[in-house]
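Architecture at a glance
Chain by chain, the residues:
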Amino acid sequence: MANRTDPLANVISGTDPQNLMEYITRQKIYDSRYWKEDCFGINVADVLTKAAQLECVGNLPTKFLSLVLKLLQLQPEMELILETFVEQEQFKYARALGAVYLRLTGRPLEIYQALEPLYKDYRKLRVWNNLTQEWSILHMDEWIHQLLRETHILGIALPRLANRRTLVESAYLPDGPRQTTLENLLTEHGGPLEYLKHKVQVEKSEAARVAWDERNCRLGKYDIAATRDASNEEETDEKDQEKPKKKRKKTIEAKYDALFKSSKKPATVPINKFVTKDDVKDDAYWDDERAKLGLKPLKK
């Protein structure tokens, strides 16, 4: 009875909301101690209180997925999720919890409108990986990026999300890219591409260079003109270092020309000049040596 969905809950994607989480994951949560002791007979307000007490995000067994399943079981109104979980700024793990629930149950337009503003949140989240048994740090904007781009998160298969460009072409979202906190810097440098070039060529940012290489690989070509200025300095430095070496080698060859020429002549000394006739042993000698060792003579 405690594991059943609210009878007044609406069907999502033609199925019970709890079925959005895999069966084996649900069974592990049902068997956990936290679900039986702390998630029995609670409402949305209690879920928010417990979400404010979370200290990490991660795979099973964690409290985070238990609260996600509890929200799927209760199915609160979307306005309540947005106001009390997503839009509040005090408890970061409660916001991360609301973002996951919104990604599982929301419509594409609601997801983009509610989650894209969270890109400006740079708070750190502690993430526990149950496979590697290691802790890691993930920022809130990276968490939101994974929800919007990835197909799985924390071992949960996310519903298919329409591409943002499709919603823009259908006039559901305003034209142009999403709003970003870097808008002033992008305008100052003349656009996103120019700002990326500035980060690569002037500031020598490694992350910007990786993003630039990924862009070129995605386009299937390499913009030589854009990166020529960044690579010219390295090429000129290498050429300047190679030229003195070549001149020095030529002067050495000119000074010791006779030695270099003589080294190119074929060798006239036989390879076995140190081998004499006395060193060559006959078969009788080797038969005697084998007899001393208790071995049979060689076959002839």
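Here the structure is shown first, and the text comes after it.
This is a predicted model, so every value here is computed, not measured. (Residues numbered from 1 in each chain as written. Predicted model: local features only at pLDDT ≥ 70, side-chain atom pairs only at ≥ 80, totals over all residues. Heavy atoms only, no water.)

Across the sheet, which stays open at both edges, the three strands sit in the order 1-2-3 with mixed pairing between neighbours. Each having just a single partner strand, strand 1 (57-58) and strand 3 (134-139) make up the two edges of the open sheet. Sheet topology note: the strand 2 (residues 124-129)/strand 3 ladder contains six bridges and is antiparallel. Counterpart to Leu-125 in the pairing with strand 3 is Leu-138. Lying on the sheet, helix 6 (residues 92-105) is in contact with strand 1 and strand 2; it crosses strand 2 at an angle near 65 degrees. (Pairing = 2+ DSSP bridges. Helix = DSSP H or I, 4+ residues; strand = E, 2+ residues; numbered from the N terminus. Contact = heavy atoms within 4.5 Å. Axes fitted to C-alpha atoms, helices over the stretch in contact; angles between N-to-C directions.)

Right, let's get into helix 8 (residues 140-149). Within the sequence span of helix 8, burial applies to Met-140, Asp-141, Trp-143, Ile-144, Leu-147 and Leu-148. Within helix 8, the buried residues cover an arc of 155 degrees as seen down the axis, which keeps them to one side. (Buried < 20%, exposed > 50% of the residue type's maximum accessible area, 1.4 Å probe, protein only. Arc of directions from axis to C-beta.)

Running from N to C, helix 3 (residues 44-52) and helix 4 (residues 63-74) point in directions that differ by 165 degrees, and their axes come no closer than 11 Å. Taken together, the axes of helix 3 and helix 4 are roughly antiparallel relative to one another. Where helix 3 crosses over helix 4, the handedness of that crossing is left-handed. Between helix 3 and helix 4, the residues in contact are Val-44, Val-47, Lys-50 and Ala-51 and Leu-67, Lys-70, Leu-71 and Leu-74, respectively. The class makeup of the residues in the contact of helix 3 with helix 4 is six nonpolar, no polar and two charged. (Parallel < 35°, antiparallel > 145°, perpendicular 65-115°, else oblique. Left-handed = near helix turned anticlockwise from the far one by under 90°. Nonpolar A, V, L, I, M, F, W, Y, C, P; charged D, E, K, R; others polar.)

Here we take up the packing of aromatic side chains. Across all of its chains, the model carries four aromatic pairs by this definition. A centroid spacing of 5.0 Å and a plane angle of 55 degrees characterise the contact between Trp-128 and Trp-135, whose relative ring orientation is tilted. For Trp-128, a relative accessible area of 18% corresponds to the buried category. Residue class for Trp-135 comes out partly exposed when judged on its relative accessible area of 46%. Aromatic pair Tyr-285 and Trp-286: ring centres 5.1 Å apart, planes at 75 degrees, arrangement edge-to-face. Looking at Tyr-285, the relative accessible area reads 32%, which means it is partly exposed. Assessed through its relative accessible area of 43%, Trp-286 is described here as partly exposed. Over the ring of Trp-135 we find Arg-126, and its NZ or CZ is 4.4 Å from the ring centre. A cation over a ring is seen here: Arg-215 above Trp-212, with NZ or CZ 5.2 Å from the ring centre. (Phe/Tyr/Trp six-rings, centres within 6.5 Å; stacked < 30°, edge-to-face > 60°. Lys NZ or Arg CZ within 6 Å of the ring centre and 35° of its normal.)

Moving on, we get to the nonpolar core. The biggest cluster of nonpolar side chains holds 56 residues, and the ones touching the most others in it are Phe-64, Phe-85, Leu-97, Trp-143 and Ile-144. Examining the composition of this core, we find that nine residues originate from one element, helix 6, more than from any other. With residues near it in sequence (within four places) discarded, Phe-64 still touches Leu-54, Cys-56, Val-57, Tyr-93, Ala-96, Leu-97, Val-100, Trp-143 and Leu-154. (Core = buried A, V, L, I, M, F, W, Y, C linked by side-chain atoms within 4.5 Å.)

For helix 3, the complete set of buried residues consists of Val-44, Val-47, Lys-50 and Ala-51. The arc that holds every buried residue of helix 3, seen down its axis, measures 120 degrees, which confines them to one face. Those residues of helix 3 that are buried are in contact with helix 2 (33-38), helix 4, helix 5 (78-86) and helix 6. Between the side-chain oxygen at the start of helix 3 and the backbone nitrogen of Ala-45 there is a gap of 3.3 Å, and the oxygen is on Asn-43. (Polar contact = N/O pair within 3.5 Å; in protein donor to acceptor, adjacent residues only side chain to side chain.)

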